[in-house]
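Understanding the architecture of this molecule
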Amino acid sequence: MPTPTTDGNSAHDVHGGLPITRRAANRPVPSADLLRAWYRDLILIREFEIRCMQAYQDKKIGGFCHVYIGQEAVAVGCVAALKPQDPLVTAYRNHGHALARGMKARACMAEMFGRVDGCAKGKGGSMHMFDREHNLFGGHGIVGAQTPLGAGLAFATKYEDEVINNGKSSRVTLCFLGDGALNQGAFHEALNLAGLMNLPVIFVVENNGYSMGTSIHRGTTQSHDLSSKALGYGIDATVIDGMNLLEVYHGMKDVVEKCRRESRPAFVDMRCYRYKGHSMSDPRKYRSRDEEAIWEQGDPIGTFEKFILDQGTITQDQIKSLQKEVKLEVREAVEFADNSPVPPLSDLYHDVYREPWGKYSGTSEPRMYGGALNPPTFRATREGDGLI
Amino acid sequence: MSATQELEFRDAIRDAMSEEMRRDKRVMLIGEEVAEYNGAYKVSRGMLDEFGPRRVIDTPISESGFAGMAIGAAMLGLRPVVEFMSWSFSLVAADPILNNAPKMLFMSGGQFGCPIVFRGNDGAGGQLGSTHSWSVEGLFSNVPGIKIVIPSTPADAKGLMKTAIRDDDPVFFLESERMLGMKGDVPVGEDVLVKFGQALIRREGADCTLASWGRPVHFCMEAAQELAKEGISCEVIDLRTIRPLDIGCIERSVRKTSNLVIVDQSWSFGSPGSEVAAQIHQRCFDDLDNHVHRVHAEDVPAPYAYNLEQEYLPNTRKICEAVRSATYNS
Ligand SMILES: Cc1ncc(C[n+]2csc(CCOP(=O)(O)OP(=O)(O)O)c2C)c(N)n1
Ligand SMILES: [Mg+2]
């Protein structure tokens, strides 16, 4: 079998495309603590998704469920390149992003189960993970809808820093999208606006080669060179190997730093592959098992595991015990979700409007900041938390 | 009585926005031609000069993009006022305004709200043809999570706009290009607000209640005057907001008059008018002398020709006919 490649040289390459610039080899290796923490995040997401698939089969999870298996390095590497106060917004394949951002597995799982202890009290579901504490502004279910939102989050951080506080723009927004979202009008409008208004937002295309059953070549022009989409809007583009955590991290570090420094948008073609079907009901007839096998050889977890073992960062025994720990954590999350109560029916009329009126009971969550009738203070509740 | 000042409808809206922008730096105005052009309909006249381009922001013609962008900004705590040159153009932004703004608070379990105002011209009457003459309240009042404001006077426009900007939920503020030049007395003062969900009785009467909102309120007033000559006394209610809906005000009036005619310039099928009718039938079944009558735009695309457009819209003649029909045996 040919070696897996995302460089556009293999017959099995789903992206086609320009070669990827590799950076990690020339960079200092991050600290052992960091590497171990990342490894734990990778296997946590994988384990979480495996248990989601089981729970879905057991009918504990309803609706649509899109798992992230194969793309774990993207979420972990991108989040590692951000500061906690940088807003993040994404699409519906979002469990990995939520966990990488720091959401507790139990809150994420309880949300999947539609239980009251879920991150959104069971009202959001698998596609809509929101976490204010971790600056996660949602998973969004309509393809491409989150791209203008991402531009808007960047607009708001910049506005707060520059217009309200007369300072310098300090935060960047990370906006994930799938390759299918490249074909949505909202994406193009968002890029044009971000380019025009110099918004510090990074559009990371998780280019897994497929939108449901449509390979990127069938749905997108210039699929071999997505950079051209961004260049058309005056936005710099970078191609990154999303199957390699160190490449993601170092590549994104550069992009984030430049975006923060110049307060300008950026675009990333993040080459990756989803190992499972689009959602739980997808028999994957549109691609060959050979193709999948080749990509599985380049498993981001296996690659990273080998790297840290070779580095001597971690021993086989430590890996075993981490795996055990993570399995336990996720099993506990499933039990927690299963034992969490269903939301009370009164919750139907809760959180529809901020203040109570008529049949609506308002919301019990605190406002973003400053009450509407109080003079705005713009004081962060936690250091570095900006407007939240 | 506090002091008043005579203002055009458009300037009342402008004053409301400007006062709120002076009061709160989180408030900004964004839309097509709002800054350098001073507004396609001159509603934002002078605002760029006062607030500068960081807070009064011109956009390209990308309703979906800038509506979505403003919603993202609102999630983080800004309070954007988004101008649609016409609500007819908001249809290309249907996803952000209907799928994002009104659902964010709910689907995030209360974590992220959306304090935003969308505003612009709504309704036919300027011979703009089928695509530019939408009365979007017919569509949008169906959606929970939104508040919908449709003022009929400059004073209400100002007071309701200020409330809209201070509100923590997404507010759709529907103006009428036909009324932007209308003058009226507007209370002076930064804190004169008009609350949502409080209808106003514009004229008291005994025989029939006329319930309306926005521009057709004026047609109702004309009709009431006309009908008075025939000895039919109409009570005219201006709802001012249709979400929240002050159904209690209509209910109390109908208990007194026993007749109701609703005047709604959107299409009849699945409209705010049909909702009010259903609620009043339920609440006042035994009080009504006749079924609730409704005057809507005709159930066809808006025509261009002047005479056809006049016939298409609710007008004084149609309202008088409906009231006569409703009260014929009282
Ligand atoms: C506007 C819209 N159209 C269609 C869908 C149905 N749909 C959900 S996901 C999807 C494919 C998107 O693929 P991509 O953007 O590549 O993301 P991936 O699933 O690969 O993560 C489609 C067609 C939708 N959610 N929204
Ligand atoms: Mg895809």
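The text that follows walks through the structure, step by step, so that each part is easy to find. (Residues numbered from 1 in each chain as written. Chains lettered and ligands numbered in written order. Predicted model: local features only at pLDDT ≥ 70, side-chain atom pairs only at ≥ 80, totals over all residues. Heavy atoms only, no water.)

**Section: the site of ligand 1**
All names here are of chain A.
- The environment of ligand 1 is formed by 15 residues, the closest being Tyr-92, Arg-93, Gly-141, Gly-180 and Asn-208.
- Within the side chain of Asn-208, an N or O atom sits 2.8 Å from an oxygen atom of ligand 1.
- Contacts to ligand 1 include His-278, whose side-chain N or O atom sits 3.4 Å from an oxygen atom.
- Protein chains shield 72% of the accessible area of ligand 1, which is 590 Å² for the free molecule. (Near = heavy atom within 4 Å. Polar contact = N/O pair within 3.5 Å; in protein donor to acceptor, adjacent residues only side chain to side chain. Areas by Shrake-Rupley, 256 points an atom, 1.4 Å probe, with all protein chains shown as cover.)

**Topic: the layout of surface pockets**
- Taken as a whole, the largest pocket spans an internal volume of roughly 560 Å³.
- Taken together, 23 residues make up the lining of the largest pocket; nearest its centre are Lys359(A), Arg243(B), Leu245(B), Glu275(B) and Gln279(B).
- With four residues, helix α10 (residues 272-283) of chain B is the largest single contributor of residues to the lining of the largest pocket.
- The residue inventory of the lining of the largest pocket, partitioned by class, reads 12 nonpolar, seven polar and four charged.
- Here the lining of the largest pocket gathers at least three residues from each of two domains, domain 1 (4-187) and domain 2 (200-326) of chain B. (1 Å grid on protein atoms, 1.4 Å probe; cavity = no way out; pocket = protein on both sides within 12 Å on 5 of 7 lines; lining within 4 Å. Points joined across faces, edges and corners; volume = space filled by probe spheres on them. Helix = DSSP H or I, 4+ residues; strand = E, 2+ residues; numbered from the N terminus. Nonpolar A, V, L, I, M, F, W, Y, C, P; charged D, E, K, R; others polar. Domains from an automatic or database assignment.)

**Here we look at the nonpolar core**
- With 83 residues, the main nonpolar core has Phe155(A), Phe267(A), Ile97(B), Phe118(B), Phe172(B), Ile250(B) and Ile280(B) as its most contacted residues.
- In terms of residues, this core owes the most to one element, helix α5 (residues 146-164) of chain A, which gives nine residues.
- Each of domain 1 (4-187) and domain 2 (200-326) of chain B accounts for three or more of the residues forming this core.
- Counting 77 residues, the second-largest nonpolar core is a separate cluster that includes Ala73(A), Ala100(A), Ala266(A) and Phe304(A). (Core = buried A, V, L, I, M, F, W, Y, C linked by side-chain atoms within 4.5 Å. Buried < 20%, exposed > 50% of the residue type's maximum accessible area, 1.4 Å probe, protein only.)

**Observations concerning the sheet that holds strand β1 (residues 88-90) of chain A**
Residue and element names in this part refer to chain A.
- Spatial ordering of the open sheet is given by β2-β1-β3-β4-β8-β7, a layout of six strands whose pairing is parallel. With one partner strand each, in any of the chains shown, β2 (136-139) and β7 (236-241) form the two edges of the open sheet. Here the strands of the sheet are splayed against their neighbours by 15° on average, with no regard to which way each runs.
- Taken strand by strand, helix α6 (residues 185-197) contacts β3 (173-178), β4 (201-207) and β8 (266-271), and its axis lies near 150° from that of β4. (Pairing = 2+ DSSP bridges. Axes fitted to C-alpha atoms, helices over the stretch in contact; angles between N-to-C directions. Contact = heavy atoms within 4.5 Å.)

**A look at unusual backbone geometry**
Residue and element names in this part refer to chain B.
- Residue Pro-244 follows Arg-243 across a cis peptide bond; omega there is 0°.
- A positive phi angle, close to 55°, is found at Gln-127, a residue other than glycine.
- Looking at where Gln-127 falls in the secondary structure, it is placed in the loop between β5 (117-121) and α6 (137-140).

**Quick word on the packing of helix α2 (residues 72-80) of chain A against helix α9 (residues 245-262) of chain A**
Residue and element names in this part refer to chain A.
- With their axes 8 Å apart at the nearest point, α2 and α9 run at an angle of 35° to one another. As for how α2 packs across α9, the hand of that crossing is right-handed. Counted together, Ala-73, Val-74, Val-76, Gly-77, Cys-78 and Ala-80 of α2 and Leu-245, Val-248, Tyr-249 and Met-252 of α9 form the full contact between these two elements.
- Taken together, the residues of the contact of α2 with α9 break down into nine nonpolar, one polar and no charged. (Left-handed = near helix turned anticlockwise from the far one by under 90°.)

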